[in-house]
Amino acid sequence: MRGLLLAVLALSVFGCASVKKVESGTNRLGERFTISIEGAWNQLDFPGVKPAQVWTMEGVTVDEFLIFNGIRDGEVMNSKSGNGKQQDFVFRKSMPTEEIVSLFEGVLSRDNAVFKLIKIEPYPFGGKKGFRFEYERIRKTDNVQLRGVGFGAVDGGDLFALLYHAPRLTFFPRHQARVEAIAATAVIR
Amino acid sequence: MKRRTFLAGATAWGLGLVSRPGRTADDLGYSAPPRFTRPETSGEEGGLWALMDREERNLRRSPLIVRDGDLQSYVQDIACRLGSDHCPDIRVTLVRTPLFNASMAPNGMMQVWTGLLLRVENEAQLAAVLGHEIGHYLQKHSVERLRDIKSKSAIGQVFGLFGLAGAVGQLAVAASAYAYGRQHETEADRIGAQLMHRAGYQVGEAAKIWSNLLAESQAAEGKGANGSLLFATHPAPPERRAMLEDIARSLPDGVTGEEAFGRHVQRYLDEWLNDEIKRGQYAESLVLTTRHIARKFALETMHYHRGEIYRLRGRDGDLDLALGDYRNAIENDKPYPLALRGIGLIQRQRGQRKEAIEMLSRYLELAPAAPDALFIQSYIAELNS
Ligand SMILES: [Zn+2]
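Criteria and cut-off values
- Residues numbered from 1 in each chain as written.
- Chains lettered and ligands numbered in written order.
- Predicted model: local features only at pLDDT ≥ 70, side-chain atom pairs only at ≥ 80, totals over all residues.
- Heavy atoms only, no water.
- Helix = DSSP H or I, 4+ residues; strand = E, 2+ residues; numbered from the N terminus.
- Contact = heavy atoms within 4.5 Å.
- Areas by Shrake-Rupley, 256 points an atom, 1.4 Å probe, with all protein chains shown as cover.
- Axes fitted to C-alpha atoms, helices over the stretch in contact; angles between N-to-C directions.
- Parallel < 35°, antiparallel > 145°, perpendicular 65-115°, else oblique.
- Left-handed = near helix turned anticlockwise from the far one by under 90°.
- Phe/Tyr/Trp six-rings, centres within 6.5 Å; stacked < 30°, edge-to-face > 60°.
- Buried < 20%, exposed > 50% of the residue type's maximum accessible area, 1.4 Å probe, protein only.
- pLDDT = per-residue confidence, 0-100.
- Salt bridge = Lys/Arg side-chain N within 4 Å of Asp/Glu carboxyl O.
- Polar contact = N/O pair within 3.5 Å; in protein donor to acceptor, adjacent residues only side chain to side chain.
- Nonpolar A, V, L, I, M, F, W, Y, C, P; charged D, E, K, R; others polar.
- Pairing = 2+ DSSP bridges.

**Details of the overall build of chain B**
Assigned secondary structure in chain B consists of 20 helices and 3 strands. Long-range contacts, defined as pairs at least 24 residues apart, comprise 69% of the intrachain contacts of chain B with a sequence gap of at least 6. Total accessible area on chain B is roughly 16300 Å²; 52% of this is exposed by carbon and sulfur atoms.

Below you can see the structure in the form of structure tokens.
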């Protein structure tokens, strides 16, 4: 009993992350959202990761593939981390695209990272009228410069989006084409 | 090299000193120690230097360093004039972090964060902070502090003292717990004021910094005041302000250097304000931008960014306030492009088709290579159809 209690405590204290391999092929992410993938992606699960799913190719300290699967009106977009003083970023279905991109910017700067939007353009995503954006980010924990790309669309009041970022010199160029290909296979039902 | 820079700076500065009354009458009588030599690595002070040397090498590799030579040498020159004989040992590094902080390590590494540069209003205010930090350095407060801290686990406390980049979150906690003592702070304030005065600056500006920071922290909702690390590391602003005002009365005259300061920071304001707004501390950011607007500093830029703060905060009536600020930012013959965009986007949402098209089109004319050009074009096309 005592042993179990200690184990549970250890889990919560160290934020124990579990990793599971993602199967290649068509992945149904939820009721309404499907993507097709190839390659060795791993899905991470740890307390506070929600609402996004976090996948990684190289390991979570290197690259992150964030999946937002039908964020509802009024739902908080960022994970529940930080010291509680920080701003929560809430999705509203009435938000125009530029505000949704600002939301992602806020979510990705929540660790005090420096964020710079490089490009935003219209993009048909998941068969819906959506958007695509590119960004740079300097991660505050280790000062690594990242490059990122994001895709999204709002359908039926829910937000569907994929974001990928990785160190800009080696890893982002290595995986960008793969991520763009995944985005092209997205289907929102 | 640095020595030469210092002499050149001092000569140019000489003009500002002409009307100053005689030095001896209004001097606090502080005399700085001679320049420090590198201590033996084996001793505790030598160990601290070695640690700071290593941190300095790390810092130099950081992508957050402001690498523009002009601004760096401008701040370096001010530090040099304040440090006087110690000038060759002071190495200023500007760090892009939207918090009010500066620090100086015993090996001469001085950090100035951009959140400080966004908040001070003139050279004299900047000099007050630099002079204070140089005061800690001249009196070797950090070394004394290290001697106070006996245990090995205290290494974090040492880092806390110097505001090392990369650990901002933890730092605030560390800094609040392990600040310099009150006596050191008072001494650093007095020395800072003295150095300011000798360099020809108006000492009264030092107290204004604390008034301004206080106004920001009082506006902050909830726990607030996490924007200023100096609040964490330095005690009781009202008390300090009173003491600084007191000192200023005995060290009158001097210049503020407002115009020169504004000229040097102007082209960074957009970036720094973007960083500031992303902290999500809207109440503080509103006080800051409103203060700069009141003093008519970089009006278009400040109006645009205050508009952004209102838009992002999004309370009842905020969108109208945002519109008002955006309109102020496009009033003169050089409209601020992003303010045109701001008006266009709000009017699009409000169904004001005609003005939305006009504003978004004007935005694209002025900023054809904007990151969102294609996206805005799609909005215009949609509005036109
Ligand atoms: Zn101090």
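**Focus on the packing of helix H14 (residues 269-278) of chain B against helix H16 (residues 299-313) of chain B**
The angle between the axes and the distance between the axes are what describe a pair of packed helices. Residues and elements named next belong to chain B. One can describe the packing of H14 onto H16 by two numbers: an axis separation of 11 Å at closest approach and a directional angle of 20°. Put simply, H14 runs roughly parallel to H16. In the packing of H14 onto H16, the handedness of the crossing is right-handed. In this structure, H14 contributes Leu269, Asp270, Leu273, Asn274 and Ile277 to the contact, and H16 contributes Thr301, Met302, His305, Glu308, Ile309 and Leu312.

**Observations regarding the packing of aromatic side chains**
By the definition in use, this model includes 20 aromatic pairs over all chains. Where Tyr123 of chain A meets Phe151 of chain A, the ring centres are 5.2 Å apart and the plane angle is 55°; that geometry is what we call tilted. Taken as a pair, Tyr123 of chain A in strand E7 (residues 114-125) and Phe151 of chain A in strand E9 (residues 145-155) lie far apart in primary sequence, 28 residues in all. A centroid spacing of 4.5 Å and a plane angle of 50° characterise the contact between Phe375 of chain B and Tyr379 of chain B, whose relative ring orientation is tilted. Of the two residues, Phe375 of chain B and Tyr379 of chain B both sit in helix H20 (residues 373-384), 4 residues apart, roughly one turn of that helix. Accessibility assignment for this pair places Phe375 of chain B and Tyr379 of chain B in one class, buried.

**A few points about the confidence of the model for chain B**
Where the model shows low pLDDT, its predicted coordinates should not be examined in detail. Residue and element names in this part refer to chain B. This prediction gives chain B a mean pLDDT of 83; 80% of its residues lie at or above 70. Low confidence marks residues 1-25, where pLDDT is under 50. Its contacts with residues over four positions away, or in another chain, come to 32 contacts. Taken as a whole, residues 223-227 scores under 50 in pLDDT and shows 15 contacts with residues more than four places along the chain or in a different chain. The complex prediction reports pTM at 0.81, with the ipTM value standing at 0.83.

**Structural notes on the interface of chain A and chain B**
Across the boundary between the two partners, chain A contributes 25 residues, which contact 25 residues of chain B. Connecting chain A to chain B are 2 salt bridges. For Glu382 of chain B, the salt bridge is made with Lys129 of chain A, and the minimal N-O distance between the two is 3.0 Å. Our enumeration of links across chain A and chain B arrives at 7 residue pairs in polar contact (both at pLDDT 80 or more). Broken down by secondary-structure element, the contributors of at least two residues to the side of chain A that touches chain B are helix H2 (97-108), E7 and strand E8 (128-138) of chain A. Classifying every residue of the side of chain A that touches chain B by side-chain character gives 8 nonpolar, 9 polar and 8 charged.

**Looking at the confidence of the model for chain A**
Put simply, chain A has an average pLDDT of 85, and 86% of its residues get 70 or more. For the stretch residues 1-15 of chain A, pLDDT sits under 50, and the model shows 3 contacts to residues farther than four places along the chain or on other chains.

**Let's talk about the sheet that holds strand E5 (residues 53-56) of chain A**
Judged by pairing direction, the sheet is antiparallel, and its 8 strands sit side by side in the order E1-E4-E5-E6-E10-E9-E8-E7 (chain A) without closing on themselves. For this open sheet the edge positions go to strand E1 (18-21) and E7 of chain A, each flanked by a neighbour on one side alone. Between one strand axis and the next, the sheet turns through 20° on average, direction left out of account. Alignment of E1 of chain A against strand E4 (residues 42-45) of chain A, held across 4 bridges, turns out to be antiparallel. In the strand pairing of E4 of chain A, Lys20 of chain A is matched with Gln43 of chain A. On the sheet, H2 of chain A packs against strand E6 (64-71), E7, E8, E9 and strand E10 (158-167) of chain A and is oriented at approximately 35° with respect to E8 of chain A. Its contacts with the sheet put H20 of chain B on E7 and E8 of chain A, and the angle it makes with E7 of chain A is roughly 45°.

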